[in-house]
Amino acid sequence: MVLRSCWKSRHKNQCGAAPRWIRSGLAALLWLCVTQFDLGCGAVGETKNVVQKDAEFDVTYNDTVTSENQTIYAFNHTISRNKTEGVRVSVDVLSQGLESPTLFVVRQKQAVLSFQVPLILRGLYQRKYPYNHVGRTLCQPPTRAASETQYFFVDVSTLSSTGTNYQLRVSRVESFTLQTDKKFSFTASPSQPQYFKYVFPDGVDTVIVKVNSDMTFPCSVMSVQDIQCPVYDLDNNVAFIGMYQTMTKKGAITVQRKDFPSNSFYVVVVVKTEDEACGGPLRFYPLRPDELIDAGNRTKVLDVIVTPAINSEVYVMGMLFCLGIFLSFYLLTLLVACVENKRMKKKREVFQNPADMSPAETASLLGKNGDGKTPASPYEYGSFADNGSTLSSEAITDSATSTDNNYRYLERSLESVGRSRQESLSSVEEDDYDTLDDIDSDKNIVRTKKFLYVSDLSRKDKRVLSKKYQIYFWNIATIAVFYALPVVQLVITYQTVVNVTGNQDICFYNFLCAHPLGALSAFNNILSNLGYVMLGLLFLLIVLKRDIVHNRALVRNELNALECGIPKHFGLFYAMGTALMMEGLLSACYHVCPNYTNFQFDTSFMYMIAGLCMLKLYQKRHPDINASAYTAYACLAAVIFFSVLGVVFGKGNTVFWIVFSVIHILSTLLLSTQLYYMGRWRLDSGVLRRMIYIVYTDCIRQCSGPMYIDRMVLLVMGNIVNWSLAAYGLIERPNDFASYLLAIAICNLLLYFAFYIIMKLRSGERIQCLALVCILFTAVVWGFALYFFFQGLSTWQKTPAESREHNRDCIVLSFFDDHDIWHFLSSIAMFGSFLVLLTMDDDLDTVQRDKIFVF
């Protein structure tokens, strides 16, 4: 009647204070309905006893709750603007009531926290794990007043008619606010997560939050969240906001002030219900619907510490350090070039004014004997005999017998040597000049001689070969553009996903030394790749200088440029320098977000570099029969194709490893045959018959050794190495297939390089001082580089949590870690390796090609 009369007379002001009382009553009735769920709020004849108690902190309350009564505990505490106290609610249910759990609702001024006990947490395959002991920290909303008393209520209810015994304890959390550089230890479990508050001190814009434990398992999650309610601190919701990562023994997140407007954040630590996410075992359980599984003891002891990160000055020092190292190589190269130019200038002066110098000085500068003759080639005193070079005698000028003849030696006409170098290379086509039609019938004779000379394999027109090898550069430049653009787009997307989702398990950084800059999470790992780009560019400049000098010598018709030394073709060198620069760019892209799906970006041009170096070694003494750019890049594309297949399907796949090992061995045999016979064989239907015939005639009918012993030694060693690597892959089946494939390429390159050096020395050739210094320097740098590479600061072969166990602090300028040092040293070592290939045959520049052995 009161409600009805008030409704009718609300415009006549006849109800007095009744409307305010009615509104309060309706609010209380509505809250009672919400808290009682299906108990039939407002049902006729139902009674519900609500007991409210004034409660105190640090007191354990033992009570019983049934479906007919509800208990409310009222707490109050004083909070201040400058100090935050944590409040923790701990609950134990002493009697089993899985069918009717007990509901706990904590009502605060600006937040509501509710949970049931037993707390049911889900794992993989919807497994259910019950927890009877639950501890939760209450979210503390900020206050604007200097001091304020706040009230909160803990409501306990259940639908169980038999009653449930429970224990309730509310306590203050000591050290809820973390202090800078002070370690704090605590325990956590899946049903008892922990979180703490950190406030940025003045003058600190970036900090590193480190969580450590001596226990590998149980698996846990650390999260950094903004100061807001609710705090997501359970296994099933910790990934909803903020930044998070799984961890076993180590976890670290770099936090920047700009990402948190309140200048503070929560550090949340949650223990997972299962260990599978951290690489742990997943116990076998029968999958029965709604079956509850006892998780056992999953309590973990951890400690947390927040330390300031580096400031802007360290960033500047790191960048200047990186630039300084590699710019010093530019200065050193400039110094060496100046010394070389000065030496060459003196040589030219000797040619122009020979009378001004003594015979001894002339001999020392020109490398002549006292009688003015060119020193005999070391080959003339070696054990090898000249079995008849096919180079025309008209194309070779006899050595001058006097110094004066030597001066006139460069001025004479060389029309019989070749066409004028003034002709445009753009008009030269390989079809016009490359076929060697006049000696087609002699190819088998020339290339199958027992002792081959460079003159035998450098008979094609120089302009044709120069244009042919320039294609290597243009092709790799085209490949680089088409490959790099989508790579850059993809890694930007990766970084965006990491920044938006906060999931730091996507990328495998060294989190203890990952310095962010802008949107990049690990700027130092990207910056350290600058060496590849700068040294690759420097190598291109060095090659360009040599190319220009050589072309000028050709224009002047200098005999040394036309008929002496290893034929100069710079296309492969240009391709190598470009590949080194692209390696730096793509390695930087990989380190934007390193993981197993984009590791191919870091290795693709490593395959290119290894392949190009082997091709360059082979081209030095086989310029006429070296592979074309199209064939070479097609083979490298096949290698990258297998790399992708191995990453996607190779892990533990026996069929894939069998197929790959067979292809590896067959490719090794085919390449060995091609190299041994200098391409003078055919792969057709009669190849098997010819093989049987050779085995019969050379091994059964009469036992004769191989005709090309040196080549046979190299190929036998190469087959042993490759067959061994194939067997290792088939037996061990390594998870990192891309690195395994790279190891095959590097082993073959090192084997061929060692063979080349040994044969060069065995043939009586010498290594000049500059090349020797480069070899020794490069070997030392490679040794140190590999040491830092094998430190293994992270690995995507394991789970992200296991990878973080390998993380370590920075070691140089508090900015660069071990892997950055690997980038520095490996870029220098690659640059040195390229210089070795460029200079190792400089001693032959004055030796005629019909006296330079092929091996």
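Scoring rules and cut-offs
Residues numbered from 1 in each chain as written. Predicted model: local features only at pLDDT ≥ 70, side-chain atom pairs only at ≥ 80, totals over all residues. Heavy atoms only, no water. Helix = DSSP H or I, 4+ residues; strand = E, 2+ residues; numbered from the N terminus. Buried < 20%, exposed > 50% of the residue type's maximum accessible area, 1.4 Å probe, protein only. Areas by Shrake-Rupley, 256 points an atom, 1.4 Å probe, with all protein chains shown as cover. Disulfide = S-S within 2.5 Å. Pairing = 2+ DSSP bridges. Axes fitted to C-alpha atoms, helices over the stretch in contact; angles between N-to-C directions. Contact = heavy atoms within 4.5 Å. Core = buried A, V, L, I, M, F, W, Y, C linked by side-chain atoms within 4.5 Å. Phe/Tyr/Trp six-rings, centres within 6.5 Å; stacked < 30°, edge-to-face > 60°. Lys NZ or Arg CZ within 6 Å of the ring centre and 35° of its normal. Salt bridge = Lys/Arg side-chain N within 4 Å of Asp/Glu carboxyl O. Expected span 1.5 Å × (residues − 1). pLDDT = per-residue confidence, 0-100. Parallel < 35°, antiparallel > 145°, perpendicular 65-115°, else oblique. Left-handed = near helix turned anticlockwise from the far one by under 90°. Nonpolar A, V, L, I, M, F, W, Y, C, P; charged D, E, K, R; others polar.

1. Topic: the overall build of the protein chain
Next, step 1: Across its full length, the protein chain holds 21 helices and 19 strands.
Next, step 2: Out of the 855 residues in the protein chain, the part that is buried amounts to 48%.
Next, step 3: For the protein chain, the accessible surface area stands at approximately 42900 Å², while carbon and sulfur atoms represent 60% of it.

2. Observations concerning the state of the cysteines
Next, step 1: Counted under the stated rule, the structure contains four disulfides.
Next, step 2: Across the disulfide, Cys-139 is cross-linked to Cys-229 (sulfur-sulfur distance 1.8 Å). Given an S-S torsion of about -85°, the disulfide between Cys-139 and Cys-229 has left-handed geometry. Separated by 90 residues along the polypeptide, Cys-139 in the loop between strand 9 (133-137) and strand 10 (147-158) and Cys-229 in the loop between strand 15 (220-226) and strand 16 (243-247) bring together distant segments of the chain.
Next, step 3: Residue class for Cys-229 comes out partly exposed when judged on its relative accessible area of 28%.

3. Some points on the sheet that holds strand 14 (residues 206-212)
Next, step 1: The antiparallel open sheet is built from four strands, whose spatial order is 12-19-14-17. Where the open sheet ends on each side, the last strands, each with one partner, are strand 12 (184-188) and strand 17 (250-256). Taking the axes of each pair of neighbouring strands and ignoring which way they run, one obtains an average angle of 25° across the sheet.
Next, step 2: When strand 12 meets strand 19 (residues 300-308), the two strands line up antiparallel, connected through five bridges. Following the sheet pairing, Thr-187 is matched in strand 19 by Val-301.

4. Overview of the side chain of Asp-303
Next, step 1: Positionally, Asp-303 belongs in strand 19.
Next, step 2: The contact partners of Asp-303, leaving out residues within four places of it in the chain, are Lys-183, Phe-184, Ser-185, Phe-186, Lys-210, Val-211 and Asn-212.

5. With respect to the sheet that holds strand 16
Next, step 1: Strand order across the open sheet formed by four strands is 13-18-15-16, with antiparallel pairing between neighbours. Whereas interior strands pair on both sides, the edge strands pair on one side only; in this sheet they are strand 13 (194-199) and strand 16. In this sheet, neighbouring strand axes are inclined to one another by 20° on average, regardless of whether the strands run parallel or antiparallel.

6. A word on the nonpolar core
Next, step 1: Ranked by internal contacts, the top residues of the largest apolar core, which has 112 residues, are Tyr-472, Phe-605, Leu-612 and Tyr-633.
Next, step 2: For Leu-612, the residues in contact, after removing those within four places along its chain, are Tyr-472, Ile-476, Leu-572, Ala-575, Met-576, Ala-579 and Tyr-633.
Next, step 3: Formed by 30 residues, the second largest nonpolar core is a distinct cluster that contains Tyr-61, Val-65, Phe-152 and Val-154.

7. Here's the deal with the packing of aromatic side chains
Next, step 1: One pass over the structure, following the stated rule, counts 54 aromatic pairs.
Next, step 2: Site record: aromatic cluster; members linked through ring pairs are Phe-641, Phe-642, Phe-656, Trp-657, Phe-660, Tyr-728, Phe-737 and Tyr-740.
Next, step 3: Across the ring face of Phe-57, the terminal group of Arg-172 is positioned such that the distance to the ring centre comes to 4.1 Å.

8. Quick word on the pattern of salt bridges
Next, step 1: Scanning all chains against the criterion turns up 22 salt bridges.
Next, step 2: Between Lys-620 and Asp-841 there is a salt bridge; the shortest N-O distance is 3.5 Å. Of this pair, Lys-620 sits in helix 13 (residues 599-621) while Asp-841 sits in the segment after helix 21 (818-839), and the two are 221 residues apart along the sequence. As far as burial versus exposure is concerned, Lys-620 and Asp-841 are alike and both buried.
Next, step 3: Across the pair Lys-760 and Asp-841 runs a salt bridge, and its minimum N-O distance is 2.7 Å. Placement of Lys-760 in helix 18 (residues 737-762) and of Asp-841 in the segment after helix 21 is noted, with a sequence separation of 81 residues between them. Across this residue pair, the class does not change: Lys-760 and Asp-841 are buried.
Next, step 4: What emerges from the salt-bridge pattern is a single network uniting Lys-620, Arg-621, Lys-760, Glu-765, Asp-841 and Asp-843.

9. Some words on the environment of Asp-809
Next, step 1: One can find Asp-809 in the loop between helix 20 (800-804) and helix 21.
Next, step 2: Not counting residues within four places of it along the chain, the set of residues in contact with Asp-809 comprises Lys-210, Leu-512 and Cys-513.

10. Side note on the side chain of Thr-102
Next, step 1: Take Thr-102: it is sitting in strand 5 (residues 102-107).
Next, step 2: Those residues in contact with Thr-102 that sit more than four places away from it in its chain are Val-65, Phe-115, Gln-116, Val-117, Val-156, Ser-157, Thr-158 and Thr-164.

11. What to know about the pairing of strand 14
Next, step 1: Within strand 14, six of the seven residues are buried, which leaves it mostly tucked inside the rest of the structure.
Next, step 2: Here seven bridges tie strand 14 to strand 17, and the two strands are oriented antiparallel to one another. Bridge assignment links Val-207 to a residue of strand 17, and that residue is Val-255.
Next, step 3: Pairing of strand 14 with strand 19 involves six bridges; the strand directions are antiparallel. Note on strand 19: the bridge partner recorded for Ile-208 is Thr-307.

12. What to know about helix 18
Next, step 1: In a regular helix each residue adds 1.5 Å, so 26 residues correspond to 38 Å; helix 18 covers 37 Å between its end C-alpha atoms and thus fits that length.
Next, step 2: Immediately downstream of helix 18, the backbone of Gly-764 shows phi near 90°, a positive value.

13. With respect to unusual backbone geometry
Negative phi characterises most residues that are not glycine, and trans characterises most peptide bonds.
Next, step 1: That bond from Val-117 to Pro-118 is cis: its omega, 5°, falls within 30 degrees of zero.
Next, step 2: Cis peptide bonds are those with omega within 30 degrees of zero, and the linkage from Phe-217 to Pro-218 qualifies with 10°.
Next, step 3: With respect to the secondary-structure elements, Pro-218 resides in the loop between strand 14 and strand 15.
Next, step 4: Phi at Asn-557 is positive, roughly 60°, even though this residue is not glycine.
Next, step 5: For Leu-813, which is not glycine, the phi torsion reads 60° and is therefore positive.

14. Structural notes on the confidence of the model for the protein chain
Next, step 1: Across the protein chain, the average pLDDT comes to 80, with 78% of residues at or above 70.
Next, step 2: The model gives residues 1-46 a pLDDT under 50, and that stretch makes 25 contacts with residues more than four places away or in other chains.

15. So, the environment of Ser-455
Next, step 1: As for its placement among the helices and strands, Ser-455 is situated in the loop between helix 7 (443-447) and helix 8 (462-501).
Next, step 2: Separated by 111 residues in the primary sequence, Ser-455 and Ile-566 have C-alpha atoms spaced 9.3 Å apart.

16. A few points about the packing of helix 8 against helix 14 (residues 629-649)
Next, step 1: Interhelical geometry of helix 8 versus helix 14 gives an angle of 40° and a closest axis separation of 9 Å. Regarding the angle of helix 8 to helix 14, the classification is oblique. Remark: the crossing between helix 8 and helix 14 carries right-handed chirality. Two secondary-structure elements touch here, helix 8 through Ile-471, Tyr-472, Asn-475, Ile-476 and Ile-479 and helix 14 through Ala-629, Tyr-630, Ala-632 and Tyr-633.
Next, step 2: Grouping the constituent residues of the contact of helix 8 with helix 14 by class yields eight nonpolar, one polar and no charged.

17. What to know about the pairing of strand 7 (residues 119-122)
Next, step 1: Across the two faces of strand 7 the burial differs, with Leu-119 and Leu-121 buried and Ile-120 and Arg-122 not buried at all.
Next, step 2: Bridge count between strand 7 and strand 8 (residues 128-131): four bridges; the pairing is antiparallel. Paired with Ile-120 across the two strands is Pro-130, which belongs to strand 8.
Next, step 3: Between strand 7 and strand 8, which pair antiparallel in sequence order, lie five residues; one of them, Tyr-125, sits at a positive phi of approximately 55°.

18. Overview of the packing of helix 12 (residues 571-592) against helix 13
Next, step 1: At a closest axis distance of 8 Å, the pairing of helix 12 and helix 13 adopts a crossing angle of 165°. Classified by the interaxial angle, the pair formed by helix 12 and helix 13 is roughly antiparallel. Classified by chirality, the crossing of helix 13 by helix 12 is left-handed. Contact with helix 12, carried on its side by Leu-572, Phe-573, Ala-575, Met-576, Ala-579, Leu-580, Met-582, Glu-583, Leu-586, Ser-587 and Tyr-590, involves Phe-599, Phe-601, Asp-602, Phe-605, Met-606, Ile-609, Leu-612, Cys-613, Leu-615, Lys-616 and Gln-619 of helix 13 and no other residues of that element.
Next, step 2: Among the residues making up the contact of helix 12 with helix 13, the classes are represented as 17 nonpolar, two polar and three charged.

19. What about the environment of Leu-562?
Next, step 1: Among the structural elements, Leu-562 can be located in helix 11 (residues 559-563).
Next, step 2: The spacing of Leu-562 and Gln-848 is 286 residues in sequence and 9.5 Å in space, taken between C-alpha atoms.

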